[in-house]
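# Summary of structural features
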Amino acid sequence: CRGQISLCAEEEDVLSSILRDRSHIEDTLRLASEDNAGHYAAALQKLRKIYHSSIKPMEQAYKYNELRQHEISAYPGRTLGDSATDGEITSKPMVLFLGPWSVGKSSMINYLLGLQDTPYQLYTGAEPTTSEFTVIMHGDKIRSIEGIVMAADSSRSFSPLEKFGQNFLEKLVGIEMPHKLLERVTFVDTPGIIENRKQQERGYPFNDVCQWFIDRADLIFVVFDPTKLDVGLELEMLFRQLKGRESQIRIILNKADNLATQDLMRVYGALFWSLAPLINVTEPPRVYVSSFWPYDYAPDTSRELFKREEISLLEDLNQVIENRLENKIAFIRQHGIRVRIHALLVDRYVQTFKDKMSFFSDPELVFNEIVEEPDKFYIFKSILAKTNVSKFDLPNKDAYRDFFGINPISSFKQLSSQCSYMGGCLLEKIERAITTDLPGLLSSITSGKNPTLTSCEATGCGEKPKNRYRRN
């Protein structure tokens with residue numbers, strides 16, 4: 001201020017008078033409370049142990065991670081064939097911000113983290129400003145990380161992004177900073193949708209990248225501006241990608257204090273009218289109406305309503321944070337179920353191939369017949385009949401034609417052979433993880449007990465395998 005101390009004090013008073021009180025953010029998200037870090041770390045350690053000892057060996061033995069690229073119909077939510085990793089297990093809940101350009105996505109992140117008027121705030125403006133996918137996460141110090149570095153770090157959960165190419169990695173940036181909220185959640189800011197721009201001009205597969213983040217998001221904020229409610233082709237594509245994720249979606253009508261109450265009601269109705277054809281569900285996602293930025297609401301607007309809406313949205317965010325451990329356990333269990341189903345199917349293909357082979361048979365012709373007509377040999381029906389498997393969890397049959405095209409049937413052993421004296425049987429271990437270990441861990445979390453590793457779990461004690469699948 002160069003000596004003008006009194007003038008500086010006046011400017012600070014004016015600034016503080018127009019800034020909104022943020023105390024409800026800390027109260028609703030319980031940022032002042034101490035997180036039980038030891039309890040959380042012990043549970044993660046046990047979850048990682050169950051995954052590495054009981055699920056990952058089956059993944060590797062039957063090349064489960066190679067099924068994804070051939071799978072046509074992926075499961076809702078997490079991507080079907082991606083192998084779980086330590087980065088996936090230890091990653092924090094992800095909150096994804098989507099929507100048209102200049103609707104206030106970056107301003108909302110600045111507001112939630114209290115970054116406004118600091119050197120670290122995300123750049124905002126009336127024009128399209130965010131051209132990168134920006135990942136805001138916790139770190140010991142404030143620093144920026146290039147996308148190529150994020151993708152190369154296997155300890156993070158972003159290494160699969162390498163598949164989208166160098167042009168995309170140049171549009172990916174990470175920001176680390178010490179912040180209480182970022183200790184519990186990660187924010188992802190995305191480029192705004194511009195309907196008059198062709199996707200090819202981006203230089204990378206924008207929709208595919210969005211789908212990757214959508215598949216991994218625990219909460220998805222789709223933000224709208226009252227003046228930008230037109231639905232174009234890119235926005236329609238975005239909502240098609242959100243199918244099956246309705247429970248994670250929150251629609252936000254931002255900058256609501258720019259309108260009079262009567263105009264706001266009309267805009268609210270117009271937003272529902274525009275989105276109705278895109279969200280074909282009985283109960284549409286919740287729409288939150290407020291103004292998510294650090295400055296006070298405009299005068300003569302429904303400030304009490306806006307604040308209640310804001311607190312309600314923060315409670316949604318807090319619920320995701322509170323349930324982060326339970327969600328991870330449920331995800332790893334569901335992943336284990338899919339790995340088990342895949343192994344059972346490969347085992348059935350191998351067994352059928354051996355049964356059909358004779359001394360004079362042509363192996364290639366025999367197996368081509370099995371792969372082309374699996375129903376003729378009851379491949380999938382036998383899995384449903386003999387195991388506790390839902391038909392809705394079965395992968396697409398056509399996926400296995402391509403899967404075996406690059407993975408010869410001769411490279412796989414039957415499940416009855418996947419046993420060792422010290423390590424036990426792969427099938428028994430994954431079944432025990434699905435039916436006993438993971439539900440037990442979940443129960444200990446919900447009951448408030450502190451999960452600890454037993455001596456055998458910590459040291460990897462072996463046991464003599466009991467192979468009930470071996471022929472007598």
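Residues numbered from 1 in each chain as written. Predicted model: local features only at pLDDT ≥ 70, side-chain atom pairs only at ≥ 80, totals over all residues. Heavy atoms only, no water.

Looking up the protein in an unreviewed UniProt entry gives the name Sarcalumenin, with the organism given as Denticeps clupeoides.

## With respect to the pattern of salt bridges
Stated precisely, the cut-off is as follows: Each salt bridge in this description consists of a side-chain nitrogen of Lys or Arg and a carboxyl oxygen of Asp or Glu lying within 4 Å of one another. A run of H or I in DSSP becomes a helix once it reaches four residues, and a run of E becomes a strand once it reaches two; helices and strands are each numbered from the N terminus. Whether a residue is buried, partly exposed or exposed follows from its accessible area with a 1.4 Å probe, protein chains only, as a fraction of its type maximum: under 20%, in between, or over 50%, in that order.
Counted according to the given criterion, the structure contains 13 salt bridges. Ionic pairing is found between Lys255 and Asp225, a salt bridge with its closest N-O pair at 3.2 Å. Taken together, the residues Lys255 in the loop between strand S7 (249-253) and helix H10 (261-275) and Asp225 in the loop between strand S6 (219-224) and helix H9 (233-241) connect sequence positions 30 residues apart. On the basis of relative accessible area, Lys255 is assigned to the partly exposed category, the value being 24%. Look at Asp225 and you get buried, because its relative accessible area is 5%. Residues Asp263 and Arg266 are paired through a salt bridge, measuring 3.2 Å at the closest nitrogen-oxygen approach.

## Let's talk about the pairing of strand S1 (residues 94-98)
Counted only if it meets this: Criterion used throughout: strands pair if DSSP finds at least two bridges between them.
The buried count for S1 comes to 5 of 5 residues, which makes it a mostly enclosed element. Burial along S1 is two-sided: Met94, Leu96 and Leu98 and Val95 and Phe97, pointing in opposite directions, are all buried. As paired elements, S1 and S6 share 4 bridges and run parallel to each other. In the sheet register, Leu98 faces S6, and the bridge partner there is Val222.

## Details of the packing of helix H12 (residues 324-356) against helix H16 (residues 426-446)
Cut-off, in case you're wondering: Under this scheme, a helix contributes an axis fitted over its contacting stretch, all axes are lines through C-alpha atoms, and angles between N-to-C directions fall in the 0 to 180 degree range. Roughly parallel means an angle under 35 degrees; roughly antiparallel means over 145; roughly perpendicular covers 65 to 115; every other angle is labelled oblique. Only heavy atoms matter for contacts: two residues are in contact if any of them lie within 4.5 Å across the pair. We call Asp, Glu, Lys and Arg charged. Ala, Val, Leu, Ile, Met, Phe, Trp, Tyr, Cys and Pro are nonpolar, and the rest, Gly among them, are polar.
In contact at an axis separation of 10 Å, H12 and H16 are set at 170° when each is read in the N-to-C sense. It follows from the interaxial angle that H12 and H16 lie roughly antiparallel. Contacts from Leu325, Glu326, Ile329, Ile332, Arg333, Gly336, Ile337, Val339, Arg340 and Leu344 in H12 reach Leu427, Ile430, Glu431, Ile434, Leu438, Pro439, Leu441, Leu442, Ile445 and Thr446 in H16. Here the contact of H12 with H16 is composed, by residue class, of 14 nonpolar, 2 polar and 4 charged.

## Points about the packing of aromatic side chains
To keep it simple, the criterion reads: Any two rings among Phe, Tyr and Trp, with Trp reduced to its six-membered ring, count as a pair given centres within 6.5 Å; such a pair is stacked if its planes are under 30 degrees apart, edge-to-face if over 60, and tilted if neither. The criterion for a charge sitting over a ring is simple: Lys NZ or Arg CZ within 6 Å of the ring centre, and within 35 degrees of the ring normal.
This structure, assessed with the given rule, holds 25 aromatic pairs. When the centroid spacing of 5.7 Å and the interplanar angle of 70° are considered together, the rings of Phe133 and Phe168 count as edge-to-face. Residue Phe133 is located in strand S2 (residues 133-138), and its partner Phe168 is located in helix H7 (residues 166-169); the two are separated by 35 residues in the primary sequence. Considered together, Phe133 and Phe168 belong to a single accessibility category, that of buried residues. Put simply, the rings of Tyr62, Tyr349, Phe353, Phe367, Phe380, Tyr400, Phe403, Phe404 and Phe412 pair up and form one aromatic cluster. Between Arg20 and the ring centre of Tyr111, over which it is positioned, the NZ or CZ distance is 5.1 Å. The cationic tip of Arg286 hangs over the ring face of Tyr288; the distance from NZ or CZ to the ring centre is 4.4 Å.

## Some details on the side chain of Thr134
Relative to the assigned elements, Thr134 resides in strand S2. We classify Thr134 as buried; its relative accessible area is 7%. Once you skip the residues sitting within four places of it in the chain, Thr134 turns out to touch Leu122, Val173, Ile175, Phe187, Val188 and Asp189.

## Let's talk about the pairing of S7
Definition in use: A crossover gets the label right-handed when its path from the first strand over the helix to the second runs clockwise, viewed with the strands pointing away from the viewer.
The buried count for S7 comes to 5 of 5 residues, which makes it a mostly enclosed element. By the bridge criterion, 5 bridges tie S6 to S7 in an arrangement that is parallel. Across the sheet, Val222 pairs through a bridge with Ile251, a residue of S7. In this region the chain leaves S6, passes through H9 and returns to the parallel neighbour S7; the handedness of that crossover is right-handed. Across 3 bridges, S7 lies against strand S8 (residues 287-289) in parallel orientation. Across the sheet, residue Ile252 finds its bridge partner in S8, namely Tyr288.

## Overview of the confidence of the model for the protein
What counts here: Along the chain, pLDDT gives the predictor's confidence residue by residue, from 0 to 100.
The pLDDT averaged across the protein works out to 81; a share of 82% of its residues lies at or above 70. Of the regions scoring below 50 in pLDDT, residues 1-16 engages in 3 contacts with residues more than four places distant in sequence or in other chains. Contacts for the low-pLDDT stretch residues 453-472, under 50 throughout, to residues beyond four places or in other chains number 35 contacts.

## Points about the side chain of Gln414
Which entries qualify depends on this criterion: Pairs of N or O atoms within 3.5 Å make up the polar contacts considered here, provided that, within protein, one atom can donate a hydrogen while the other can accept it, and that residues adjacent in sequence are counted only when both atoms are side-chain atoms.
Looking at the secondary structure, you find Gln414 in the loop between helix H15 (397-406) and strand S9 (419-420). Within the structure, the side chain of Gln414 is placed 2.4 Å from the side chain of Gln351, a separation counted as a polar contact. With residues up to four places along the chain from it excluded, the contact list for Gln414 reads Tyr62, Asp347, Val350, Gln351 and Lys354.

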